[in-house]
Amino acid sequence: MFDIKAIKVELAKVANLEQLDLFFQTYLGKSGSITLAFKAMGSLSPEEKKSLGQELTQVKTQVTEAYESTQRALSADQINAQLNADIVDSSLETADSEQGSYSLLANVRRDAEEICKSLGFIIEYGTEVVTKFENFESVNIPLTHPATEMHDTIYLQDKDPSGENFILRTHTSSMQNYLIQKHGLPLKAVVPSRVYRYENMDAHHDVMFYQLEGIVVDKGLSVAHFKDMMEKLLSALLHKKVETRMRPGYFPFVEPGFEIDARYEIYDPATGKKELSKWIELLGAGMVHPNVLKVAGVDSDERSGFAFGIGISRLAAIRYGIKDIRYFTNGDLRFAKSFA
Ligand code: DAH
(Lines give C-alpha, C1' and ligand atoms only; values in the text may rest on other atoms or scores of the structure.)
Protein backbone atom coordinates (compact mmCIF):
# COMPACT_ATOMS: atom_id res chain seq x y z
CA MET A 1 0.00 0.00 0.00
CA PHE A 2 2.95 2.34 0.55
CA ASP A 3 5.74 2.45 -1.99
CA ILE A 4 8.77 3.03 0.21
CA LYS A 5 11.05 3.51 -2.78
CA ALA A 6 8.82 6.23 -4.22
CA ILE A 7 8.61 7.95 -0.83
CA LYS A 8 12.40 7.94 -0.57
CA VAL A 9 12.74 9.39 -4.06
CA GLU A 10 10.35 12.14 -3.02
CA LEU A 11 12.43 12.76 0.11
CA ALA A 12 15.61 12.97 -1.94
CA LYS A 13 14.09 15.90 -3.84
CA VAL A 14 13.51 17.87 -0.65
CA ALA A 15 15.89 20.86 -0.77
CA ASN A 16 15.32 22.72 2.48
CA LEU A 17 13.76 22.52 5.93
CA GLU A 18 10.45 24.09 4.83
CA GLN A 19 9.95 21.41 2.15
CA LEU A 20 10.96 18.78 4.67
CA ASP A 21 8.25 19.99 7.01
CA LEU A 22 5.73 19.59 4.23
CA PHE A 23 6.97 16.02 3.66
CA PHE A 24 6.49 15.31 7.35
CA GLN A 25 2.91 16.62 7.30
CA THR A 26 2.14 14.49 4.23
CA TYR A 27 3.21 11.17 5.74
CA LEU A 28 3.96 11.36 9.47
CA GLY A 29 2.02 14.37 10.78
CA LYS A 30 -1.38 14.20 12.56
CA SER A 31 -3.25 13.86 9.31
CA GLY A 32 -0.38 12.32 7.32
CA SER A 33 -1.22 9.25 5.24
CA ILE A 34 0.75 6.78 7.40
CA THR A 35 -0.89 8.10 10.58
CA LEU A 36 -4.33 7.87 8.95
CA ALA A 37 -3.61 4.31 7.80
CA PHE A 38 -2.94 3.32 11.42
CA LYS A 39 -6.21 4.94 12.49
CA ALA A 40 -8.16 3.15 9.75
CA MET A 41 -7.10 -0.26 11.14
CA GLY A 42 -9.73 0.06 13.90
CA SER A 43 -12.43 -1.49 11.65
CA LEU A 44 -10.35 -4.55 10.61
CA SER A 45 -10.47 -8.10 11.96
CA PRO A 46 -7.78 -9.10 14.50
CA GLU A 47 -5.82 -11.17 11.88
CA GLU A 48 -5.88 -8.36 9.34
CA LYS A 49 -4.86 -5.92 12.04
CA LYS A 50 -1.87 -8.06 12.93
CA SER A 51 -0.42 -8.40 9.45
CA LEU A 52 -1.20 -4.84 8.34
CA GLY A 53 -0.01 -3.48 11.67
CA GLN A 54 3.41 -5.10 11.20
CA GLU A 55 3.67 -3.84 7.64
CA LEU A 56 2.65 -0.31 8.60
CA THR A 57 5.06 -0.24 11.53
CA GLN A 58 7.90 -1.18 9.19
CA VAL A 59 6.87 1.54 6.75
CA LYS A 60 6.64 4.11 9.54
CA THR A 61 10.06 3.16 10.95
CA GLN A 62 11.76 3.37 7.57
CA VAL A 63 10.12 6.65 6.59
CA THR A 64 10.86 8.17 10.01
CA GLU A 65 14.54 7.14 9.83
CA ALA A 66 14.90 8.51 6.31
CA TYR A 67 13.13 11.71 7.37
CA GLU A 68 15.41 12.16 10.41
CA SER A 69 18.61 11.64 8.48
CA THR A 70 17.50 14.17 5.85
CA GLN A 71 16.64 16.56 8.68
CA ARG A 72 20.14 16.24 10.18
CA ALA A 73 21.78 16.84 6.81
CA LEU A 74 19.64 19.87 6.00
CA SER A 75 20.14 21.44 9.45
CA ALA A 76 23.91 21.10 9.11
CA ASP A 77 23.72 22.63 5.62
CA GLN A 78 21.72 25.53 6.94
CA ILE A 79 24.13 26.20 9.83
CA ASN A 80 27.12 26.04 7.49
CA ALA A 81 25.48 28.41 5.04
CA GLN A 82 24.79 30.85 7.87
CA LEU A 83 28.35 30.62 9.17
CA ASN A 84 29.73 31.26 5.72
CA ALA A 85 27.49 34.25 5.28
CA ASP A 86 28.51 35.66 8.68
CA ILE A 87 32.26 35.51 8.16
CA VAL A 88 33.91 38.76 9.30
CA ASP A 89 36.89 39.78 7.28
CA SER A 90 38.98 41.46 9.94
CA SER A 91 41.56 42.52 7.39
CA LEU A 92 39.11 44.92 5.76
CA GLU A 93 39.66 48.59 6.58
CA THR A 94 36.60 50.47 7.74
CA ALA A 95 35.99 54.16 7.46
CA ASP A 96 35.44 54.67 11.18
CA SER A 97 38.37 52.70 12.56
CA GLU A 98 39.79 55.68 14.45
CA GLN A 99 41.65 54.72 17.60
CA GLY A 100 41.11 56.52 20.88
CA SER A 101 43.89 57.79 23.09
CA TYR A 102 44.46 58.99 26.63
CA SER A 103 43.71 62.63 27.30
CA LEU A 104 46.61 64.94 28.04
CA LEU A 105 45.64 65.08 31.71
CA ALA A 106 45.47 61.29 31.95
CA ASN A 107 48.89 61.02 30.35
CA VAL A 108 50.43 63.52 32.77
CA ARG A 109 48.84 61.66 35.69
CA ARG A 110 50.05 58.28 34.45
CA ASP A 111 53.52 59.69 33.91
CA ALA A 112 53.46 61.11 37.47
CA GLU A 113 52.44 57.69 38.81
CA GLU A 114 55.37 55.99 37.06
CA ILE A 115 57.78 58.62 38.41
CA CYS A 116 56.44 58.24 41.95
CA LYS A 117 56.64 54.45 41.73
CA SER A 118 60.25 54.65 40.59
CA LEU A 119 60.99 56.82 43.65
CA GLY A 120 59.48 54.17 45.92
CA PHE A 121 56.02 55.61 46.56
CA ILE A 122 52.94 53.41 46.91
CA ILE A 123 50.09 54.58 44.64
CA GLU A 124 46.62 54.80 46.19
CA TYR A 125 43.44 56.48 44.97
CA GLY A 126 41.36 56.33 48.15
CA THR A 127 37.69 57.25 48.02
CA GLU A 128 36.04 60.35 46.57
CA VAL A 129 33.15 60.30 49.05
CA VAL A 130 34.50 60.90 52.55
CA THR A 131 33.32 61.90 56.01
CA LYS A 132 33.84 65.40 57.33
CA PHE A 133 36.09 63.77 59.91
CA GLU A 134 38.39 62.44 57.19
CA ASN A 135 38.40 65.61 55.14
CA PHE A 136 38.83 68.04 58.03
CA GLU A 137 39.29 66.77 61.59
CA SER A 138 41.72 63.96 60.78
CA VAL A 139 44.00 66.55 59.20
CA ASN A 140 43.81 68.99 62.09
CA ILE A 141 40.99 71.19 60.82
CA PRO A 142 38.31 71.36 63.58
CA LEU A 143 34.85 71.60 62.01
CA THR A 144 34.35 75.04 63.55
CA HIS A 145 37.76 76.29 62.39
CA PRO A 146 37.74 79.09 59.78
CA ALA A 147 40.14 76.94 57.74
CA THR A 148 37.15 74.83 56.66
CA GLU A 149 36.16 77.94 54.69
CA MET A 150 39.28 77.53 52.55
CA HIS A 151 37.34 74.66 51.01
CA ASP A 152 34.07 75.26 49.21
CA THR A 153 32.65 71.91 50.05
CA ILE A 154 30.12 69.85 48.10
CA TYR A 155 27.83 67.99 50.50
CA LEU A 156 25.92 64.77 49.89
CA GLN A 157 22.46 64.15 51.33
CA ASP A 158 23.45 60.86 52.96
CA LYS A 159 24.77 60.98 56.49
CA ASP A 160 27.66 59.06 58.07
CA PRO A 161 27.17 57.07 61.34
CA SER A 162 28.03 60.17 63.40
CA GLY A 163 25.11 62.06 61.79
CA GLU A 164 27.27 64.34 59.60
CA ASN A 165 26.64 64.59 55.87
CA PHE A 166 29.09 62.79 53.66
CA ILE A 167 31.04 65.11 51.37
CA LEU A 168 33.09 64.90 48.20
CA ARG A 169 36.69 65.21 49.32
CA THR A 170 37.96 68.74 48.81
CA HIS A 171 41.60 67.72 48.91
CA THR A 172 43.63 64.53 48.73
CA SER A 173 45.13 65.40 52.14
CA SER A 174 41.93 63.79 53.45
CA MET A 175 43.57 60.45 52.63
CA GLN A 176 46.54 60.89 54.99
CA ASN A 177 44.93 59.18 57.96
CA TYR A 178 43.55 56.39 55.71
CA LEU A 179 47.02 55.76 54.26
CA ILE A 180 48.69 55.49 57.69
CA GLN A 181 45.93 53.13 58.89
CA LYS A 182 46.10 50.99 55.78
CA HIS A 183 49.84 50.69 55.26
CA GLY A 184 51.34 51.37 58.70
CA LEU A 185 54.83 52.85 59.10
CA PRO A 186 57.25 53.60 57.57
CA LEU A 187 54.98 55.09 54.91
CA LYS A 188 55.78 56.56 51.52
CA ALA A 189 52.65 57.00 49.44
CA VAL A 190 51.00 59.25 46.87
CA VAL A 191 47.34 59.77 45.98
CA PRO A 192 46.98 60.97 42.37
CA SER A 193 43.26 61.48 42.32
CA ARG A 194 40.16 63.60 41.90
CA VAL A 195 38.92 66.25 44.32
CA TYR A 196 35.80 68.44 44.21
CA ARG A 197 35.02 71.98 45.23
CA TYR A 198 32.06 74.28 44.87
CA GLU A 199 33.79 76.82 42.63
CA ASN A 200 32.99 79.42 40.05
CA MET A 201 34.76 77.94 37.08
CA ASP A 202 37.36 80.05 35.34
CA ALA A 203 40.73 79.56 33.64
CA HIS A 204 42.32 78.49 36.94
CA HIS A 205 39.45 76.90 38.88
CA ASP A 206 37.27 73.90 38.20
CA VAL A 207 34.72 72.02 40.32
CA MET A 208 36.67 68.82 39.78
CA PHE A 209 40.41 68.59 39.49
CA TYR A 210 43.23 66.18 40.16
CA GLN A 211 45.72 66.49 42.96
CA LEU A 212 48.84 64.54 43.71
CA GLU A 213 49.13 64.19 47.46
CA GLY A 214 52.31 62.73 48.92
CA ILE A 215 53.03 61.65 52.46
CA VAL A 216 56.20 60.18 53.94
CA VAL A 217 56.40 59.17 57.61
CA ASP A 218 59.40 57.51 59.23
CA LYS A 219 61.99 57.97 61.97
CA GLY A 220 64.21 61.04 61.89
CA LEU A 221 62.88 62.81 58.79
CA SER A 222 63.84 66.47 58.59
CA VAL A 223 63.15 69.45 56.32
CA ALA A 224 66.53 68.75 54.66
CA HIS A 225 65.33 65.29 53.52
CA PHE A 226 62.14 66.91 52.35
CA LYS A 227 63.75 69.65 50.26
CA ASP A 228 66.09 67.16 48.62
CA MET A 229 63.23 64.85 47.73
CA MET A 230 61.01 67.64 46.41
CA GLU A 231 63.77 68.85 44.10
CA LYS A 232 64.20 65.35 42.67
CA LEU A 233 60.47 64.74 42.39
CA LEU A 234 59.61 68.10 40.82
CA SER A 235 62.47 67.82 38.30
CA ALA A 236 61.12 64.42 37.27
CA LEU A 237 57.51 65.61 37.11
CA LEU A 238 58.31 68.71 35.04
CA HIS A 239 60.87 66.88 32.90
CA LYS A 240 63.52 69.51 33.51
CA LYS A 241 66.07 70.22 36.22
CA VAL A 242 64.40 72.53 38.73
CA GLU A 243 65.67 74.53 41.64
CA THR A 244 63.24 74.97 44.54
CA ARG A 245 62.56 77.66 47.08
CA MET A 246 60.50 77.19 50.23
CA ARG A 247 58.49 80.01 51.74
CA PRO A 248 56.47 79.82 54.93
CA GLY A 249 52.85 78.88 54.21
CA TYR A 250 49.84 78.05 56.35
CA PHE A 251 48.11 74.70 56.09
CA PRO A 252 46.54 73.29 59.28
CA PHE A 253 47.90 69.77 58.68
CA VAL A 254 51.58 70.73 58.58
CA GLU A 255 53.98 72.50 60.94
CA PRO A 256 56.06 74.15 59.63
CA GLY A 257 54.13 74.62 56.39
CA PHE A 258 55.65 75.75 53.13
CA GLU A 259 54.76 77.08 49.74
CA ILE A 260 57.23 75.61 47.29
CA ASP A 261 58.30 77.56 44.23
CA ALA A 262 60.44 76.28 41.40
CA ARG A 263 62.48 77.78 38.61
CA TYR A 264 64.41 76.28 35.76
CA GLU A 265 66.60 77.20 32.83
CA ILE A 266 64.89 78.26 29.64
CA TYR A 267 66.54 78.52 26.28
CA ASP A 268 65.70 81.57 24.24
CA PRO A 269 66.10 80.64 20.56
CA ALA A 270 66.05 84.35 19.57
CA THR A 271 69.15 85.25 21.56
CA GLY A 272 70.59 81.73 21.76
CA LYS A 273 70.98 82.32 25.49
CA LYS A 274 69.89 80.30 28.48
CA GLU A 275 68.04 82.19 31.19
CA LEU A 276 66.45 81.32 34.48
CA SER A 277 62.66 81.34 34.50
CA LYS A 278 60.72 83.37 37.08
CA TRP A 279 59.91 81.59 40.34
CA ILE A 280 56.70 79.65 39.79
CA GLU A 281 54.46 78.88 42.74
CA LEU A 282 53.93 75.15 42.58
CA LEU A 283 52.54 73.53 45.67
CA GLY A 284 51.72 73.44 49.36
CA ALA A 285 53.70 71.23 51.66
CA GLY A 286 55.21 70.84 55.09
CA MET A 287 56.18 68.62 57.99
CA VAL A 288 53.19 66.51 59.08
CA HIS A 289 51.50 68.15 62.09
CA PRO A 290 51.84 66.15 65.36
CA ASN A 291 48.02 66.27 65.71
CA VAL A 292 47.62 64.44 62.38
CA LEU A 293 50.02 61.74 63.58
CA LYS A 294 48.22 61.55 66.94
CA VAL A 295 44.80 61.00 65.30
CA ALA A 296 46.38 58.15 63.33
CA GLY A 297 47.79 56.64 66.55
CA VAL A 298 51.41 57.51 65.74
CA ASP A 299 53.80 58.72 68.45
CA SER A 300 55.00 62.10 67.17
CA ASP A 301 58.03 62.05 69.50
CA GLU A 302 59.30 59.01 67.70
CA ARG A 303 58.18 59.62 64.13
CA SER A 304 58.05 62.55 61.81
CA GLY A 305 57.09 63.07 58.23
CA PHE A 306 56.37 65.41 55.40
CA ALA A 307 53.49 65.88 53.02
CA PHE A 308 52.79 67.78 49.86
CA GLY A 309 49.86 68.44 47.55
CA ILE A 310 50.15 69.56 43.95
CA GLY A 311 47.54 70.09 41.25
CA ILE A 312 48.07 67.68 38.37
CA SER A 313 46.47 70.14 35.94
CA ARG A 314 48.97 72.70 37.21
CA LEU A 315 51.80 70.31 36.30
CA ALA A 316 50.29 69.69 32.88
CA ALA A 317 49.67 73.41 32.32
CA ILE A 318 53.30 74.24 33.12
CA ARG A 319 54.71 71.39 31.04
CA TYR A 320 52.62 72.16 27.98
CA GLY A 321 52.10 75.92 28.35
CA ILE A 322 48.30 75.71 28.71
CA LYS A 323 46.63 78.88 29.91
CA ASP A 324 43.12 77.63 30.65
CA ILE A 325 42.59 74.44 32.67
CA ARG A 326 39.03 74.01 31.33
CA TYR A 327 40.56 72.60 28.16
CA PHE A 328 41.56 69.47 30.10
CA THR A 329 37.99 68.37 30.68
CA ASN A 330 35.67 70.19 28.28
CA GLY A 331 35.95 67.54 25.57
CA ASP A 332 37.09 69.95 22.82
CA LEU A 333 38.36 67.52 20.20
CA ARG A 334 40.68 70.09 18.59
CA PHE A 335 42.54 70.30 21.91
CA ALA A 336 42.39 66.57 22.62
CA LYS A 337 43.67 65.66 19.16
CA SER A 338 46.60 68.01 19.30
CA PHE A 339 47.96 65.96 22.22
CA ALA A 340 46.82 62.51 21.05
N1 DAH B 1 45.49 70.11 50.70
C2 DAH B 1 46.05 71.35 50.19
C3 DAH B 1 45.06 71.96 49.19
O4 DAH B 1 44.21 71.28 48.70
C5 DAH B 1 47.37 71.12 49.52
C6 DAH B 1 48.43 70.74 50.51
C7 DAH B 1 49.10 71.70 51.20
C8 DAH B 1 48.70 69.40 50.74
C9 DAH B 1 50.08 71.37 52.12
C10 DAH B 1 49.68 69.03 51.66
C11 DAH B 1 50.36 70.05 52.34
O12 DAH B 1 49.98 67.76 51.97
O13 DAH B 1 51.34 69.70 53.21
O14 DAH B 1 45.16 73.11 48.91
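The shown structure was predicted, so the numbers you read here are calculated from the model rather than taken from an experiment.

Student: Teacher, can you tell me more about the domain arrangement of the protein here?
Tutor: By a widespread convention, an interface's size corresponds to the accessible area lost as its parts come together. Per the domain assignment, the segments of the protein are domain 1 (4–86) and domain 2 (104–337). Distance from the C-alpha centre of domain 1 to the C-alpha centre of domain 2: 80 Å.

Student: Help me out: how do you make sense of the nonpolar core in this one?
Tutor: A general tendency of soluble globular proteins is for nonpolar side chains to be buried together. In terms of nonpolar packing, the biggest core is built from 44 residues, with F226, M230, L234 and F308 touching the most fellow members. Elements with a contribution of two residues or more to this core: helix 5 (104–118), strand 5 (187–196), strand 6 (208–218), helix 8 (223–238), strand 8 (254–268), strand 10 (280–288), strand 11 (304–311) and helix 10 (312–320). Per element, the largest residue contribution to this core is 7 residues, and it comes from helix 8. Residues V139, L179, I180 and V254 belong to the second largest nonpolar core, which totals 23 residues.

Student: Teacher, can you tell me more about helix 10 here?
Tutor: Helical periodicity: at 3.6 residues per turn, an α-helix aligns residues three or four positions apart in one direction. Regarding helix 10, the residues found buried are I312, S313, L315, A316, A317 and I318. With its phi angle positive at about 60°, G321 sits one or two positions after the end of helix 10.

Student: Any chance you could explain helix 2 (residues 17–27) here in plain terms?
Tutor: Among the residues of helix 2, those classed as buried are L20, F23 and Y27. Taken end-on, helix 2 shows its buried residues confined to a sector of 55°, consistent with a single buried face. Those residues of helix 2 that are exposed and angled more than 90 degrees off the buried face are E18 and L22. Packing partners of the buried residues in helix 2 comprise helix 1 (4–12), helix 3 (33–40) and helix 4 (46–85). The opening residue of helix 2, the one whose side-chain oxygen lies 3.2 Å from the backbone nitrogen of E18, is N16.

Student: How do you make sense of the layout of surface pockets when you look at a structure like this?
Tutor: Any empty space left between atoms is shown by rolling a water-sized probe over those atoms. Its volume calculated, the largest pocket comes out at about 1100 Å³. Elements that contribute at least two residues to the lining of the largest pocket include exactly strand 6, strand 8, strand 10, strand 11 and helix 10. A per-element tally of the lining of the largest pocket places strand 10 first, with 6 residues. A class-by-class count of the residues in the lining of the largest pocket yields 16 nonpolar, 13 polar and 8 charged. Empty space within the second largest pocket amounts to approximately 150 Å³. Together, E98, Q99, G100, S101, Y102, S103, L333, A336, K337 and A340 line the second largest pocket. Residues of the lining of the second largest pocket, tallied by class, amount to 4 nonpolar, 4 polar and 2 charged.

Student: Whenever I open this one, the packing of helix 2 against helix 4 confuses me. Can you help?
Tutor: Any two packed helices are characterised by the angle at which their axes cross and by the distance between the axes. Orientation of helix 2 relative to helix 4, taken along the N-to-C sense of each, is 165°, at an axis distance of 10 Å. In terms of orientation, helix 2 and helix 4 fall into the roughly antiparallel class. Crossing of helix 2 over helix 4 shows left-handed handedness. For the pair helix 2 and helix 4, contact is made by L17, L20, F23, F24 and Y27 and by V63, Y67, T70, Q71, L74, S75 and Q78, respectively. Classifying every residue of the contact of helix 2 with helix 4 by side-chain character gives 8 nonpolar, 4 polar and no charged.

Reading the values: the criteria
- Residues numbered from 1 in each chain as written.
- Predicted model: local features only at pLDDT ≥ 70, side-chain atom pairs only at ≥ 80, totals over all residues.
- Heavy atoms only, no water.
- Domains from an automatic or database assignment.
- Core = buried A, V, L, I, M, F, W, Y, C linked by side-chain atoms within 4.5 Å.
- Buried < 20%, exposed > 50% of the residue type's maximum accessible area, 1.4 Å probe, protein only.
- Helix = DSSP H or I, 4+ residues; strand = E, 2+ residues; numbered from the N terminus.
- Arc of directions from axis to C-beta.
- Contact = heavy atoms within 4.5 Å.
- Polar contact = N/O pair within 3.5 Å; in protein donor to acceptor, adjacent residues only side chain to side chain.
- 1 Å grid on protein atoms, 1.4 Å probe; cavity = no way out; pocket = protein on both sides within 12 Å on 5 of 7 lines; lining within 4 Å.
- Points joined across faces, edges and corners; volume = space filled by probe spheres on them.
- Nonpolar A, V, L, I, M, F, W, Y, C, P; charged D, E, K, R; others polar.
- Axes fitted to C-alpha atoms, helices over the stretch in contact; angles between N-to-C directions.
- Parallel < 35°, antiparallel > 145°, perpendicular 65-115°, else oblique.
- Left-handed = near helix turned anticlockwise from the far one by under 90°.

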